[in-house]
Structures are given as C-alpha cells and as structure tokens.
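Fold and contact review
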Amino acid sequence: MELRDGIFILLVMHTEQILVLCMSDAIQSSSLLNLEIIAKDASFYHGCSSNRECKCSNITGGILADCSALNLTKSPYFEEKVVSVNLSSNLFTYFPEEGYLPKKLKYLDLAKNKISKFSKGEVTPFSTPCNIMCQTIQMQTKSYYCPDKAFQELSSLQSLLIDGVKNVTFDKGFSTLSNLTFLTITGIVAKGIITREYFNNFPNLEYLDISATTEWRTFYNFSLFTFETGALQKLTKLQYLDISYHRRLHMCGFQNVTYDLPYTSIRILKANYLECERSVSTVLFVDDIKPLNSTELEELYLDGNNLEETDLDVPQYLPKSLNYFSARDNRWVVSKYAYYYIPGLTGIKTVDLSFQNEHQMSHSENSCSSSVKKILLQNNQLYSLTGPICNLTQLQYLDLSNNRAADITSYVFGSLIGLKHLRIDNNLLGYSNIFHHNSSASIFENQTNLMFLNMSSNRISTLFQNFLYMASKLKTVLLDHNLLTDWNISIHHMEYLMFIDISWNQILYLSGDGMNLLEKAFHLNITIDMAHNPFECSCDSMIFLKWLAMHRQYFKGFGNYSCIYLRKSINIFEANLHLKKDCYSYVGVIVSVTIGIIVFLGTICSMIIYRYRWKLRYWYYILKGEYGIDHDKTDGNFQFDAFVSYSEHDRWFPKDYMIDFLEKQKGLRLCIHHRDFIAGSAVAENITNAIHNSRKFVCILTNNFLESKWCMYEFNIALEDIVVSRQGKNSIIIVQLLRTDIRNIPREMRYIMNDDTYLDYPENEEDRIIFWESFERDLKF
C-alpha cells in the first residue's frame, strides 16, 4: 500500500505505551518530542544491537541505540534493555517488522527515511511494539488519512505533532486520549478549513498550534481560509493558541476565533500575519476584541496584520489581565488613535509597536506586492498629502506636482523605500503646520535612495537642519520660488549632491550658520543657484557678499547676481567695494561706543544695587506677603514684643534665661528663630517679616554674633526697618552678653552703642535682678 509522498513517521512511546506522531520531512531528527536523554557517562555498549555500527549509551531508564545515518534498509535486532531507538536518516522503505524492536521501547525515531508502504497484511496498530505502524487506507480518490483507531489505544499520549493533510479527521477514537494536552497540526493549509467539529475529540487540550510552518508561509493560495465559530468552544482547558501565518484567514477569521475564547482558559493568543503583506490597510474593530474582555488573557500578538487604525473604544475591551501586547510590523499612523491608546491599558507591562510600516520592505515569494515603478499624479486636485502610501515598495518615480496640497504628514512617504525621483512642486505645502516644528524632519526619513527632489513653488519659508538627513543619495534639490530667508539644512553628508536651486526666494543675506552649512559641501564640487534673490547692500550683509564673491565658482550665474545700492542695481563686486568704504570706518566707533555704554550702565546699576542692597532686600520680602503666623497682635499691632538675634553658639541664653524671665514670668512674647520661624519659607523671608512684626530688635552681642553672617544680616535688616517703617525711631536693644573687641563691631552698631544705652549682662547673679528689670522696661517702652 502506498503512502502520500513526504509523510514520514516519528514514533514515541511514553511509559509503557507507544506514542505516535505522523511527521513531515521538514522535521529534523532532533525534533524528537518528549525525549529526555540524560547520559550517565560517555561509554558505549556494543551488545545492544546486532549492528555493531550502532552506538549504545546509557540514558534514564535503559539504553539508547543510535543507528541513524548508516544507510540501513532493514532494521537490526535490539536487546531488551533498549528503550530508545534512533533509525532516522536511513534508507527504510517500510516499517520494522515484528520481532526487531525491543518490547520495552519508549522512543522510536524514523524521520528522514524513504518509507512509502507498510508490510503486507492489516494488523492492529500499536497493539505490540513489533506492530508499530500508522495505518493508511488507499481510497479510489487517492486521498489518505490516519484513522482514529490507530491512536485510540495510546491513552498515555501527551503530545502530538501531526500533518493536517487533506481528509485527516480526528474522530471519536481521539477522545480516549485523556492525557493529550499538547497538539501541533502542521500542513493544515492542505485542508483549508477548520469546522465546528474539528477539535471536538480533544477535551483536555491546553496547547494548540495550527500556525503555518515555514515551508507553507510563502504560498498564499494554500493557507487556511475559514475558521468556523464554535470550533474552540469545547476546549475549556485551552491556554495557548497560535493561528499565525494563514494569510487568507484575514482579520475576519481572527474575529471568529476570539468569539470562542471566553469558553476557554486562554492565556496566550498569537494571531500574527493573517493579512497579505501588501494588501490594503486594516482596522482593529471593537467586535474583534470585545470577547477577550471575558477571558484572563495575558499575552496578545497581532504582528504583521496591516493594522493602521483602531476603533476608539477598543482599549476598554481588552482584559485587565493583559500584561504583554505586541503589534509589531503594522501600519499604525500618528493620529487621534494615538498608537492604540496604550496609556489606557492600566495593567499592561510591555507594549511592542516596533517596525511600523517596515513589513512593506520584505521580499517573500508570491506575496501581494506591487511592481509599479512610476506614478504620475500631477495636475489634479489633491488638497493634502496624508498617506501613508502603501504597497508600493518598488516605486521609483512619483510626480505629485501642480496640485493644491496645503498639508503634508510626516509618514506620507514612509513606505516608499525605493523612491528615487520625487516631484511635489507647485503645491501649497508651506501652509502645512509640519514645517513649523521639527517633525518635518521625518517626511523623508525612509527615502535613503532618493536622488531627485523638487519642492519648488510651495511657499515654504523655513526648513529644519535635519530635513534631508536620511536622504544621503540626493543629487539634485530644487527649492526655488519659495519664501526662504536663510539656509538651514545640513548637506555635508550627501556625497553625491551636485545641484541646489534656491533662486527666487526672499534671501536678503545668509546668516553665519547658513554660510557654514553650504560651505561644508563645497568639497563635493557642488553648484548652487541663488539668482533672483533680493540681496541687501548694507553693512549687515557685507560679510555675506564678501563670502559670496570669495566662493563664486560654486554659484551658478554669479556674474548676474546684484543688489540695490543707493537705488541703483550693482553687481556683487561693486557692492563689496562700496560697503568696504562705507562700513569699515564706522565699525570701530560703533563697537567702542556700544561697549562703553554697556559698561557704564552696568557700573551704575551695580553701584545703585550695592548702595541700596539692604533696602531692596527688605522691600522684596515685605512686599512678597504677610508673615502668616497665627498669633494675637500685641499693642501697636505687633505680633511679637521682641525679635531676638543671636548666634547658634549663644543659643543657651535666650533658651534658658530669656524665655523663662521674659515670657513665663513677665508675659512678653519673643520671636526665637529656632522656635517661631515658619517652616518651608526662606530664611531671609522669615527674618525680614519677623523683624517687621516685632516691637523691638534684641541683639545678643558676642564675638560669635559678629562672626555670623546671618546675625549681621538680621542687624542690617533691622536698621532698614527703622528707616522705612518706624520713622527713624530706634527699636534696637543691644545686650552685650560677653566682652567683645570694639574693633570688630560694625560702625553702625557702634553709633547705636554710643548714642543709646546698651545692656551688659552681669557676671554677678545679685546684679542680674536689676538687669532683667531694666530689660523688661526697655522692651515695653
């Protein structure tokens, strides 16, 4: 009996029963499923087989007999201790006959042989190890199938990799395989349809892979094209599903699949490349995704499906359990869809949206590509160039000139990677908002093969420096008849550049940066046309005109360049002579006077600021706002009776004595900075407002006080407060806590100590009673 060409067998036994896998010749001998070979040592046992060329080694549970690639046409005999036999890559034309294989066999590999028929006579498959075979029945139509009775006795089968050839069915015999959780169906494209009953006899499946294998992916006409709803509803334990690379299934087939998934335990769903590579763009609809909201899906893959847009409500129907989302190799555009509204996916951890539009660059066989190389769309009524223009990766010539396009997007030409000649002249693209921000640099980011670019007559007024950064093969750039006032584009990297036309623009003179950018390309022997620009003959343009004459060999028609001088048109050489005479005599004077004025004004301002520095600081913090301490006002609407200024080294005095005698015993309210300053406010602000809201300013004078910058800051602010707020009435009380060197005391403080009585803190405790009485009296006065 004959077998279908290309079908070979990988037979595996698990525990005491044999597992069977009908494999295609694409499966390598290394694909042996569930084979866990753990070599205990590297020794060989030459008594395991009747063929001495077979290699024998210890594995878990017995011996492995490796008889692969020995050009065998007949199986050798094996000892009973052999549990694994590798007969792959030989010349077998039928299965080993009864008696050759050991009774305890668990693993058998027959991949890459020439098996085309079974031995004569029908036997019960898999009834004993010696009768291992996948029965094949030859019908009149010459179609074949693996009958379910060939598998129904394999109750321990856990994993099955099988060809989904035409008329292969999975009838009730498969329902006995209660341990089967892992199913991969290769070559399912030959059948083309998944019916509602297709998986009915796999009640315990957890892993299902029906993706098109590598050898089928490039054959568009042989892919799965129908997936009926209900086909997955009985797979309640299903956790993993892969339906990728069936390009005739489309996103409609994806919707049929998602409809069934709420009945399963799905965790991972892969639906990659269901659309033809270069077919029209697709939209992800709510109905495609909505059923997933009733699942515990964790990973979703939608790569390469030509997705360009999505319904606005799609994100809210994705399950909260989703933590990984991949939509690589699609056509998402920057618009209101905002790349799938990823910010709305609160539970997601990883989003992969890389390689957008780059799927257009593939060159797989028999794909839905377009071989168009030239498109002419000039003289139409195109009001905007939005795009993206898809499916034209081989396009080399595109003419969009003489339309009325007033808008262009950064992705319109994104997929035209083969473009060499582009005309978009005689439009109104200068009105597009994109030319007012740096995203215009993305318009030609994929045009690495572009050689000719015509953007003349577009009312363009400015272009950013990286505008043509990726178009490194440009030879000709035409930007004439626009509104450019300077040159801003980097061109030094364009090693093939030959001609730039910026004639008939609004250039009065080029800036220093503009001249540098053009000069960096002079080594390319470039030609630049700047004719018919309204060049200015003035001292401001003198450097530009001199530069222009110096590099005249690079400028087309330079002899005709002119500018207006004293209402008369003169050439560039004459202009340089006149401007040299008119401008150089005044340059030194103008520069000197300008510098002198700036230095003078700066000096005056510095002197004024220094002279009134304390007053300025005082008013700054007073006007900044109220102090904000929530206390009752004292007499005279002061919040404190006294602000105490002291060095941190002398903190013991206000803390241990002043608070006790003046606050607790006499009922006065003191402002102690370590206690009463407002947290979060600047120190200078706290000081100014506290002094302003205190009746008196108490200075605890020590050498430490004189050395503290903050103490001296407080003293100077108190002086300003006397002048500004107290009409010159002194409110400063100086308490000399320890003897200080008179030479270190500031002049202003010495004036106060000379004109007003200051207090000395007595060393004798008996005299301190009088000190505190005097101190209290002075604070209340």
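Structure shown above.
First, a word on what this report is: a plain description of the structure on this page. It should be emphasised that the depicted structure is a prediction, and the values quoted were computed from it without experimental measurement. (Residues numbered from 1 in each chain as written. Predicted model: local features only at pLDDT ≥ 70, side-chain atom pairs only at ≥ 80, totals over all residues. Heavy atoms only, no water.)

Side note on the state of the cysteines
Summed over all chains, the structure comprises four disulfides. Disulfide partner of Cys54: Cys67, at an S-S distance of 1.9 Å. Judged by the torsion about the S-S bond (120°), the Cys54/Cys67 disulfide is right-handed. Placement of Cys54 in the loop between β2 (17-24) and β3 (55-59) and of Cys67 in the loop between β4 (62-66) and β5 (82-86) is noted, with a sequence separation of 13 residues between them. Here Cys537 is linked by a disulfide to Cys563, with a sulfur-sulfur distance of 1.6 Å. (Disulfide = S-S within 2.5 Å. Helix = DSSP H or I, 4+ residues; strand = E, 2+ residues; numbered from the N terminus.)

Here we look at the packing of helix α10 (residues 683-692) against helix α12 (residues 709-725)
The geometry of α10 relative to α12 is characterised by a closest axis approach of 9 Å and an angle of 45° between their N-to-C directions. Taken together, the axis directions place α10 and α12 in an arrangement best described as oblique. Of the two possible hands of crossing, α10 and α12 adopt the one that is right-handed. Judged by residue contacts, Val683, Ala684, Ile687, Thr688, Ile691 and His692 of α10 engage Trp710, Tyr713, Glu714, Ile717, Ala718, Asp721 and Ser725 from α12. Looking at the contact of α10 with α12, its residues break down into eight nonpolar, three polar and two charged. (Axes fitted to C-alpha atoms, helices over the stretch in contact; angles between N-to-C directions. Parallel < 35°, antiparallel > 145°, perpendicular 65-115°, else oblique. Left-handed = near helix turned anticlockwise from the far one by under 90°. Contact = heavy atoms within 4.5 Å. Nonpolar A, V, L, I, M, F, W, Y, C, P; charged D, E, K, R; others polar.)

Observations regarding the pattern of salt bridges
Inspection of the entire model under this criterion finds nine salt bridges. Asp676 is paired through a salt bridge with Arg675; the nearest N and O atoms lie 3.1 Å apart. On the basis of relative accessibility, which here comes to 15%, the residue Asp676 falls in the buried class. According to the relative accessible area criterion, Arg675 is partly exposed, its value standing at 38%. (Salt bridge = Lys/Arg side-chain N within 4 Å of Asp/Glu carboxyl O. Buried < 20%, exposed > 50% of the residue type's maximum accessible area, 1.4 Å probe, protein only.)

Re the pairing of β4
Extensive coverage of β4 is indicated by the burial of four of its five residues. Here five bridges tie β3 to β4, and the two strands are oriented antiparallel to one another. Within the sheet, the bridge partner assigned to Asn58 lies in β4 and is Ile63. Linkage of β3 to β4, two consecutive antiparallel strands, is achieved through a turn of two residues, within which Gly61 is found at a positive phi near 90°. Looking at chain direction, β4 and β5 are connected through four bridges and run parallel. Bridging across to β5, Leu64 finds its partner in Ser84. (Pairing = 2+ DSSP bridges.)

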